[in-house]
Amino acid sequence: MFSYVFMKLLEGRPESYDRRVERVSGGHIRAIKEQIVDAIDPGTHVLEVGCGTGELATMIAARGATVLAFDASEKMVAEARDRMAREGLEEKVTVQSMAVTAMDRLDAASFDAVVATLVLSELTRDEERYALRHAVRVLRPGGRLLLADEVVPRTTGRRLAYQAVRLPVLAVTYLVSTSSTRPLENLPETLRHLGLEVLQEERSLGDAFALVVARKPQQDKEVEA
Amino acid sequence: MNPFKAVWGLLFRLFPCPIQTGVVRIGNPGPDSPVLVTCNFYTTVRRLIRTLKGVDAWLLVAESKGVNVWCAACGNEFNTRSVVSAIKTSGIEDKVTHRTVILPPLGAAGISAAEVKDQTGWHTRWGPVRAKDIPAYLAAHRKRTEPMKRATYTLGERLDTALGSMFPFYFFVALGFLVFAPHLLGYFVGTLVATFLVFIGLCPWIPGKHGWQKVLLLDALLGLALAATSVWPVPADIPVRTILVMAMVLFALHGGELGGLSSIWASDFDPFMARLGLRSIGNTRFAGTTRTDLLIGARVLTHYPEKCSSCAECINVCPIGVWDRNEHKKTFLAHREACTACCACLKQCTEDAIEALAA
């Protein structure tokens, strides 16, 4: 059982953010990112929502895909751009400073995959729905949505255990950073409701973390808003 | 109505009390009804709903991390992004046919009206400062009278914000007495109530520009009284000296950050921390922000008349009335000395005609 809410404490220092999250999560988030990268085909065009320091975008680019990565935090965007320059990936990864509420500016059906790790849980419920709606819109038919995030566990016992672990971390995080996160509920149902086929839902961290892979049907179904 | 949040939002206001963001229906609103933006602090939303009884409107609750409009805007938690997000993600676009939001002017330190327009296409208007003026403002075809534009700090507002912000301190000190010196608890509560009512009731008239100056004056008087107890006899059955010391400490508690409790006086705490050289505690920043720099005199609010288009946005958002227009309808900095450095004018100016210039 584990909660990523502490990451809000580390966001103030983008330069050491990945290393610290990695250390505290005991390698979990890195393994998740590798799983996501494995699902990306070389030569495709990928959108990363909330790219943070650009670690995942770098990994995807190394696999041979091109990435449009964006984040609402200017500090994170600066760090991500530095990283792309350092690693010579400026051609393959474009980093933009924008919030999910600007996703309506992205062209419809223009990406083969949309990825987001630990992003939706930072948004309000309305923003989450908005981001997902636009993620579906910008996917090409047959394109895939890959989401990894903290979720509400499915059984009462696990929910209680999760809260017992999360609440003290949440309290410290809040006191220091005046911010927190919100575990997602019913993610696969939400995605099905948006017209996607859910291919995979893999839970980890005592059922409190999910990697969800969904596909936009080839025949563009009526997408419910 | 959530009883826990009602008590929390009333007495533990130093901590956030969030409510879900999105659209709240007030009365029976239709596609032409006004859209009023507010923060997602539970108490603010409840009070608005209560105050707007009889009005048909859409209340657009935007993210402020569960903090009130003024504090969240000054701390940049209630900002352009919150309002843009609320407009674009709440579904309000499908509920109304017009495209105008009424913004709370105490949020102007965080929300740029021009950027909201730019990012959403929605027009913005600044509503009245106080919720209780909203029905009259709407009835007058969204015209604000002068008093509707300016913040006040009435007795009711003082009692509300002082108790709401300071209660945790009072509570924990009382708890300390209960555990370690229960025989003094009654005296503590009595002194607390008396000093609270005296200070919060009379603070606008107690000499001193800053809260701490008012506290020093009162504590000096109490110090004299304390000294007098060694000359004049005091009742043996009442711990007079203890009560006087309690009162001195309590005045410091009530008044130490008096400015920060209101929207008409500047914070004393932030510049104090900045002078100590403390940059931040968690996400709360002190030294190096434009606001604290203005308060400690490291920067000066500067107006460039040659760049100014006299659009009057600075006049519209300043809760104090620091800006005014001269006889030629030109905007000028009329009352710099009253500025609380909320930076709302800087946020709204699209002509770079206002700057916090390094001193």
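What counts, and at which threshold
- Residues numbered from 1 in each chain as written.
- Chains lettered and ligands numbered in written order.
- Predicted model: local features only at pLDDT ≥ 70, side-chain atom pairs only at ≥ 80, totals over all residues.
- Heavy atoms only, no water.
- Core = buried A, V, L, I, M, F, W, Y, C linked by side-chain atoms within 4.5 Å.
- Buried < 20%, exposed > 50% of the residue type's maximum accessible area, 1.4 Å probe, protein only.
- Helix = DSSP H or I, 4+ residues; strand = E, 2+ residues; numbered from the N terminus.
- Contact = heavy atoms within 4.5 Å.
- Buried area = accessible area lost by both parts, 1.4 Å probe.
- Salt bridge = Lys/Arg side-chain N within 4 Å of Asp/Glu carboxyl O.
- Polar contact = N/O pair within 3.5 Å; in protein donor to acceptor, adjacent residues only side chain to side chain.
- Nonpolar A, V, L, I, M, F, W, Y, C, P; charged D, E, K, R; others polar.
- Pairing = 2+ DSSP bridges.
- Axes fitted to C-alpha atoms, helices over the stretch in contact; angles between N-to-C directions.
- Expected span 1.5 Å × (residues − 1).

Engineer: Requested: an account of the nonpolar core, with residues and values cited.
Structural biologist: Among the nonpolar cores identified, the biggest contains 38 residues, and Tyr4, Ile36, Ile40, Ile60, Val93, Val115 and Phe209 of chain A are the most heavily contacted of them. The leading source of residues in this core is helix α4 (residues 55-62) of chain A, at 5 residues.

Engineer: Any details on the interface of chain A and chain B? Residues and values, ideally.
Structural biologist: Counting from both sides, the interface comprises 17 residues of chain A and, opposite them, 18 residues of chain B. Approximately 1400 Å² of surface area, both sides summed, lies buried where chain A meets chain B, with 48% of it carried by carbon and sulfur atoms. Counting the surface chain A buries against chain B, the share from its top three residues, Thr101, Asp126 and Tyr174 of chain A, is 32%. Counting every contact that joins chain A to chain B gives 1 salt bridge. One salt bridge connects Asp104 of chain A with Lys88 of chain B, and the closest N-O pair in it is separated by 2.9 Å. The interface formed by chain A and chain B holds 4 residue pairs in polar contact (both at pLDDT 80 or more) in total. Of all the secondary-structure elements, those providing two or more residues to the side of chain A that touches chain B are α6 (125-138) and α7 (156-177) of chain A. Looking at the side of chain A that touches chain B residue by residue, the classes come out as 7 nonpolar, 5 polar and 5 charged.

Engineer: Break down the pattern of salt bridges for me, citing the residues and quoting the values.
Structural biologist: Residues and elements named next belong to chain A. Enumeration over the complete set of coordinates arrives at 20 salt bridges over all chains. With a shortest N-O distance of 2.8 Å, Arg129 and Asp126 are connected by a salt bridge. One end of the pair, Arg129, and the other, Asp126, are both in helix α6, 3 residues apart, so they sit about a helical turn from each other. The class of Asp126 is buried, set by a relative accessible area of 8%. Across the pair Glu128 and Arg182 runs a salt bridge whose closest N-O atoms are separated by 2.9 Å. Here Glu128, found in helix α6, pairs with Arg182, found in the loop between α7 and α8 (187-193); they are 54 residues apart in sequence, far enough to count as distant. Taken together, the shared-partner salt bridges connect Arg30, Lys33, Glu34 and Glu55 into one network.

Engineer: Tell me about the sheet that holds strand β3 (residues 93-97) of chain A, and name the residues and values.
Structural biologist: All names here are of chain A. Ordered by their spatial adjacency, 7 strands build an open sheet running β3-β2-β1-β4-β5-β7-β6, and the pairing between neighbours is mixed. The open sheet terminates on both sides in strands that have one partner only, identified here as β3 and β6 (197-204). Taking each pair of neighbouring strands and ignoring which way they run, the sheet shows an average axis angle of 15°. Across 7 bridges, β6 lies against strand β7 (residues 209-215) in antiparallel orientation. Bridge pairing in β7 links Gln200 to Val213. The sheet contacts of helix α3 (residues 28-38) involve β4 (111-117), β5 (139-150), β6 and β7, and relative to β7 the element is tilted by about 10°.

Engineer: A description of α6 of chain A should follow, citing residues and the corresponding values.
Structural biologist: The end-to-end C-alpha distance of α6 of chain A, which contains 14 residues, comes to 20 Å, matching closely the 20 Å that a straight helix rising 1.5 Å per residue would cover. Counting buried residues along α6 of chain A, 10 of its 14 residues qualify, which places the element largely inside the surrounding structure. Structurally, α6 of chain A contributes buried residues whose contacts are with β1 (45-49), β4, β5 and α8 of chain A together with β1 (22-26) and α4 (80-89) of chain B.

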